[in-house]
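Each chain, letter by letter, is given below.
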Amino acid sequence: MAFRRSRPSSDPFAELGLGPGATADDVRRARNRLAKRAHPDVGGSADEMQRVNAAADAALQHLGAVTESAPIEPETAGSAPRPPRRPGGRVGRDHPSFTIEALPAEAYEALLIVANVLGVVLDDEPPYRLEAHLTDEPTAWCRLDVVPDGGGSTVSLTAASPDGATVNQVRDRFVVELNRLDWGDDGPRPPLPS
């Protein structure tokens, strides 16, 4: 199923080549699949990529924005309890939120390091999606979506906080920690202790 290049459809699921029973994970997979052909860096155009993103965003919003179909893995004996997939609180989305001057694989690696510094990684789909529970201030659940962007990467952020933290506060926390990383020739690394 290919992304339609004609006039925009009023059905975002059809635009993504999905049927009526599609889940949020199906929408994300379709976005990633179509981005591999529609993105300007791989021969597509900015208009095509915008249509893919708009259709995926509309479909996710129709499904409840941050709906997750994957069950949480049961805890194993002796392991620390995992935080909930998404705590209560107001959900905020910042799209696009910030850019990283690195290709998606390297940008994803940096976000993974920062997510582990700030809390616990709940789910990851390299190099395009990362979900984490931040235990450092501000406490929040967040999902980061990485999209290739002209030799770099654009990150969109969705966050929910039981403590009332805003998506901007969560974004700022990620940006501060990303700027602290040691960006060597072999990719990002946590800063060395002084």
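Our subject is the structure listed above.
For the structure given in this document, a descriptive report is provided here.

Calculation criteria
- Per-chain numbering applies: the sequence of each chain, read as written, is numbered from 1 onward.
- Two thresholds apply to this predicted model, a pLDDT of at least 70 for residue-level local features and 80 or more for giving and counting side-chain atom pairs, whereas whole-chain, interface and lining totals are computed over all residues.
- With hydrogens and water stripped out, all remaining heavy atoms of the structure feed into the side-chain values.
- Think of it this way: any DSSP run of H or I at least four residues long counts as a helix, any run of E at least two long counts as a strand, and we number them from the N terminus.
- Contact criterion: two residues are considered in contact whenever any of their non-hydrogen atoms come within 4.5 Å of each other.
- By the convention used here, strands pair only if DSSP detects at least 2 bridges between them.
- Think of each axis as a best-fit line through the C-alpha atoms, taken over the contacting stretch in the case of a helix, with angles from 0 to 180 degrees between the N-to-C directions.
- When an angle is under 35 degrees it counts as roughly parallel; over 145 it counts as roughly antiparallel; between 65 and 115 it counts as roughly perpendicular; any other value is oblique.
- To estimate the expected span of a helix, subtract one from its residue number and multiply by 1.5 Å.
- Each residue's exposure class comes from its accessible area (1.4 Å probe, protein chains only) as a fraction of the maximum for that residue type: buried when under 20%, exposed when over 50%, partly exposed otherwise.
- Here the arc refers to the set of directions running from the helix axis out to each C-beta atom.

This part takes up the environment of Pro 148. Positionally, Pro 148 belongs in strand β4 (residues 140-149). Taking the C-alpha atoms as reference points, Pro 148 and Tyr 128, 20 residues apart in sequence, are found 8.9 Å from one another. For Pro 148, the contacting residues outside a window of four places in its chain are His 39, Pro 104 and Tyr 128.

Turning next to the sheet that holds strand β2 (residues 119-125). Ordered in space as β1-β5-β4-β3-β2, the 5 strands form an open sheet in which the pairing is antiparallel. Edge positions in the sheet fall to β1 (91-100) and β2, since each has one partner strand and no second. Averaged over neighbouring strand pairs, the angle between their axes works out to 20° when direction is ignored. Against the sheet, helix α5 (residues 167-180) contacts β1, β3 (129-134), β4 and β5 (152-160), and its axis sits at roughly 25° relative to β1.

Let's shift gears to the packing of helix α2 (residues 24-38) against helix α3 (residues 46-63). Where α2 meets α3, the axes come as close as 10 Å, and the angle between the chain directions of the two elements is 180°. One element, α2, and the other, α3, form an angle in the roughly antiparallel class. Here Ala 24, Val 27, Arg 28, Arg 31, Leu 34, Ala 35 and Ala 38 of α2 lie close against α3, whose contacting residues are Glu 48, Met 49, Val 52, Asn 53, Ala 56, Asp 57, Ala 59, Leu 60 and Leu 63.

Counted at 1.5 Å a residue, the expected span for helix α4 (residues 104-118) with its 15 residues is 21 Å, and the 20 Å between its end C-alpha atoms agrees. By the burial criterion, the buried members of α4 are Pro 104, Ala 107, Tyr 108, Ala 110, Leu 111, Ile 113, Val 114, Ala 115 and Leu 118.

A few words on the environment of Leu 157. Take Leu 157: it is sitting in strand β5. Once the C-alpha coordinates of Leu 157 and Val 170 are considered, the two residues, 13 residues apart in sequence, prove to be 8.6 Å apart. Ignoring anything within four residues of it in the chain, the contact list for Leu 157 reads Gly 92, Arg 93, Asp 94, Ser 97, Cys 142, Arg 143, Leu 144, Val 167, Val 170 and Arg 171.

Here α3 contains 18 residues, and its C-alpha end-to-end distance of 26 Å stays within 8% of the 26 Å for a straight helix at 1.5 Å per residue. Considered for burial, the residues of α3 that qualify are Glu 48, Met 49, Val 52, Asn 53, Ala 55, Ala 56, Ala 59 and Leu 60. All buried residues of α3 fall inside an arc of 160° around its axis, so they share one side. Relative to its buried face, α3 has exposed residues pointing more than 90 degrees away, namely Gln 50, Gln 61 and His 62. As for α3, its buried residues are in contact with α1 (12-15), α2 and β4. Two residues or fewer past α3, Gly 64 is found with a positive phi of approximately 105°.

This next bit is on the pairing of β2. Two faces, one strand: in a regular strand the side chains alternate between the faces of the sheet. Direction of pairing for β2 relative to β3: antiparallel, over a ladder of 6 bridges. Residue pairing for β3: Asp 123 is matched across the bridge by Glu 131.

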